[in-house]
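So you can see what is in the structure, the chains are spelled out below.
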Amino acid sequence: MTFFLQMLVTGIVVGSIYGLVALGFVLIYRASDALNLANGEFVIIGAYICLTLMTAYKIPFIIALFITLIFSMLLGLVVERIVIRPLQNAPVISLIMATIGLSSLLAGAVHIIWGHQTKTFPPIFSSNPIEVGGVIITSVYLWSFIIVITLLVTFSVFFKFSKMGIAMRAVAGDRQAAQSMGISVKAVYAVTWAIASVVAAVGGVLLGNINGVSPTMAAIGLTVLPVVILGGLDSVLGAIVGGFVIGILQSMAGGYLDPLIGGGLKEVAPFIVVLFILMIKPYGLFGRVGIERV
């Protein structure tokens with residue numbers, strides 16, 4: 001029972017980070033109907049920037065994180081302005097291909113600047129674990145969970161009550177109608193990419209503190225895809241719920257099934273489960289059902 005609870009806690013913490021990163025996917029899809037396949041590179045760049053500031057320039061973690069978020073916000077704005085905006089009226093496939101090219105470009109830059117070796121963050125959180133009912137919870141897991149939940153609640157309030165959040169929801173609902181009401185679609189796109197880049201950077205920093213930082217971290221972009229599809233491509237709530245489901249599923253598969261078959265199922269299990277769920281609910285757990293007149 002203790003092992004089960006340990007795997008459950010691990011899955012919840014990692015799943016919360018998945019949900020945060022998936023939020024960036026959902027926001028961009030709601031705004032442009034396209035998937036940002038460079039999201040994994042945004043994650044790893046944020047992690048490397050924060051790590052470099054702390055190790056090379058000896059900047060305290062809080063200040064380094066703040067600078068990283070500013071850099072990530074600017075990166076999102078630049079990408080939207082240079083790569084995405086010229087394709088605003090292009091077919092969706094053009095946007096997707098542009099993000100694939102951007103992914104390759106950013107991945108190459110990461111390898112050139114930071115190399116290929118795994119690097120670790122300096123100790124940030126207390127090394128003393130917390131034991132609850134026989135389950136050991138490390139400080140980095142606990143603080144990661146608290147930070148993610150705080151951000152998810154903050155963004156949920158922002159989307160529901162702020163002027164820009166309401167504008168983003170309006171554009172997601174009907175772009176042309178929102179524009180006719182005086183909402184700047186270009187401004188909404190820019191803010192959407194900035195927020196997506198910021199949440200990806202936070203996810204990268206937290207995952208970097210848990211597992212270390214290496215170029216392979218960019219694979220989280222593919223890992224989060226089942227989260228987004230499971231929850232529904234256009235659902236913020238779905239991204240959060242899907243993150244927890246996939247995180248727990250991976251943790252359980254890694255803890256119970258991988259030792260039996262020699263490993264590998266942990267990475268594949270989310271895709272298998274999503275495939276079966278989509279057979280029952282093609283639009284995901286919380287996705288809007290699309291109805292078209294022909």
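The residue count restarts for each chain, going from 1 along the sequence in the order it is written. The predicted origin of the model limits local features to residues at a pLDDT of at least 70 and limits the giving and counting of side-chain atom pairs to 80 or more, whereas totals for whole chains, interfaces and linings rest on all residues. The basis for the side-chain values is all heavy atoms of the structure; hydrogens and waters are excluded.

Next up on the list: the overall build of the chain. By the criteria applied, helices consist of DSSP H or I runs no shorter than four residues and strands consist of E runs no shorter than two, each listed in order from the N terminus. The number of helices and strands found in the chain is 11 helices and two strands. Of the regular secondary structure in the chain, the N- to C-terminal order runs α-α-α-α-β-β-α-α-α-α-α-α-α. Dimensions of the chain along its principal axes, counting C-alpha atoms only, are 60 × 50 × 35 Å. Partly exposed describes any residue whose relative accessible area lies between the buried limit of under 20% and the exposed limit of over 50%, with all areas from a 1.4 Å probe on protein chains only and scaled to the type maximum. Evaluated residue by residue, the chain yields a buried proportion of 47% over its 294 residues. Summarising the internal contacts of the chain: among those between residues at least 6 apart in sequence, 75% fall at separations of at least 24. Any pair of residues with heavy atoms lying within 4.5 Å of one another is described as a contacting pair.

On to the layout of surface pockets, then. Within this scheme a cavity is a closed region of a 1 Å grid, computed over the protein atoms alone, that accommodates a 1.4 Å probe without allowing it to escape, whereas a pocket is open but has protein on both sides within 12 Å along at least five of seven lines; lining residues each have an atom within 4 Å of a point. Grid points are joined across faces, edges and corners, and a volume is the space filled by probe spheres set on the points. Taken as a whole, the largest pocket spans an internal volume of roughly 620 Å³. As for the largest pocket, its lining consists of 26 residues, of which Val 14, Tyr 18, Asn 211, Gln 250 and Lys 266 are closest to the centre. Among the elements that make up the lining of the largest pocket, the one with the highest residue count is helix α1 (residues 2–32) (five residues). Here the lining of the largest pocket is built from residues that sort into 13 nonpolar, 11 polar and two charged. Amino acid classes used here: Ala, Val, Leu, Ile, Met, Phe, Trp, Tyr, Cys and Pro are nonpolar; Asp, Glu, Lys and Arg are charged; the rest, including Gly, are polar.

Let us look at the packing of aromatic side chains. By convention, a stacked pair of Phe, Tyr or Trp rings (six-membered ring in the case of Trp) has centres within 6.5 Å and planes under 30 degrees apart, an edge-to-face pair has planes over 60 apart, and any other such pair is tilted. Enumeration over the complete set of coordinates arrives at six aromatic pairs. An angle of 80 degrees between the planes, with centres 6.4 Å apart, marks the rings of Phe 42 and Trp 193 as edge-to-face. Note that Phe 42 is positioned in helix α2 (residues 39–55) and Trp 193 in helix α8 (residues 185–211), a separation of 151 residues in sequence. Each member of the pair, Phe 42 together with Trp 193, is buried. Through successive ring pairs, a cluster of aromatic residues spans Phe 155, Phe 158 and Phe 159.

A separate point is the pattern of salt bridges. Salt bridges are counted wherever a side-chain nitrogen of Lys or Arg sits within 4 Å of a carboxyl oxygen of Asp or Glu. Throughout the structure, instances matching the rule amount to one salt bridge. For Glu 80, the salt bridge goes to Arg 85, with nearest N and O atoms at 3.1 Å. Arg 85 sits in the partly exposed class, given a relative accessible area of 22%.

Here the focus is a nonpolar patch on the surface. Taken together, the side chains of Met 1, Phe 3, Phe 4, Tyr 256, Leu 257, Leu 260 and Ile 261 define a hydrophobic patch exposed on the protein surface, amounting to about 770 Å² of accessible area. The element contributing the most residues to the nonpolar patch is helix α10 (residues 236–261), with four residues. Among the secondary structure elements, Tyr 256 is positioned in helix α10. Residue class for Tyr 256 comes out partly exposed when judged on its relative accessible area of 37%. Patch membership requires more than 30% relative accessible area and the absence of a salt bridge. Residues of like charge join within 9 Å; the nonpolar side chains Val, Leu, Ile, Met, Phe, Trp and Tyr join within 5 Å. Accessible areas in this description were obtained via Shrake-Rupley with a 1.4 Å probe; residue shielding takes into account the shown protein chains only.

Along the chain, the position of Gly 24 falls in helix α1. Take Gly 24: its relative accessible area is 0%, and that puts it in the buried class. Sequence spacing of Gly 24 and Val 198 is 174 residues, and the spatial spacing of their C-alpha atoms is 8.5 Å.

Right, let's get into the side chain of Ser 251. Here Ser 251 lies in helix α10. A relative accessible area of 8% means that Ser 251 is categorised as buried. Counted as a polar contact is a pair of N or O atoms within 3.5 Å, where, for protein atoms, one must be capable of donating a hydrogen and the other of accepting one, and residues adjacent in sequence contribute only when both atoms are in side chains. Here Met 7 takes part through its backbone oxygen, which lies 2.6 Å from a polar atom of the side chain of Ser 251. Among residues more than four places away in sequence, those in contact with Ser 251 are Met 7, Thr 10 and Gly 11.

What counts as an axis is a line fitted to C-alpha atoms, over the stretch in contact for a helix, and the angles between N-to-C directions run from 0 to 180 degrees. Close contact between helix α5 (residues 139–161) and α8 brings their axes to 10 Å; oriented N to C, the two are set at 170 degrees. As summarised for this structure, α5 and α8 are arranged roughly antiparallel, according to the angle between their axes. Residues Val 140, Tyr 141, Ser 144, Ile 147, Val 148, Leu 151, Phe 155, Phe 158 and Phe 159 of α5 lie in contact with α8, whose contacting residues are Ile 195, Val 199, Val 202, Leu 206, Asn 209 and Ile 210. Here the residues of the contact of α5 with α8 are counted per class, giving 13 nonpolar, two polar and no charged. Angular relationships are summarised with four words: roughly parallel below 35 degrees, roughly antiparallel beyond 145, roughly perpendicular across 65 to 115, and oblique for the angles in between.

Each pair of packed helices can be described by the angle between their axes along with the distance between the axes. Their axes nearest at 9 Å, the elements α1 and helix α9 (residues 220–231) cross at an angle of 80 degrees. Viewed along their axes, α1 and α9 adopt a mutual orientation that is roughly perpendicular. Contact residues: α1 offers Tyr 18, Val 21, Ala 22, Phe 25 and Val 26, while α9 offers Ile 220, Gly 221, Thr 223, Val 224, Leu 225, Val 227 and Val 228.

For helix α3 (residues 61–84), spanning 24 residues, the distance from its first C-alpha to its last is 32 Å, which sits close to the expected 34 Å at 1.5 Å a residue. Along α3, the residues classified as buried are Phe 61, Ala 64, Leu 65, Thr 68, Ser 72, Leu 75, Gly 76, Val 79, Glu 80 and Ile 84. Check the buried side of α3 and you find it contacts α2, α4 (92–114) and α8. Multiplying 1.5 Å by the helix residue count minus one yields the expected span of that helix.

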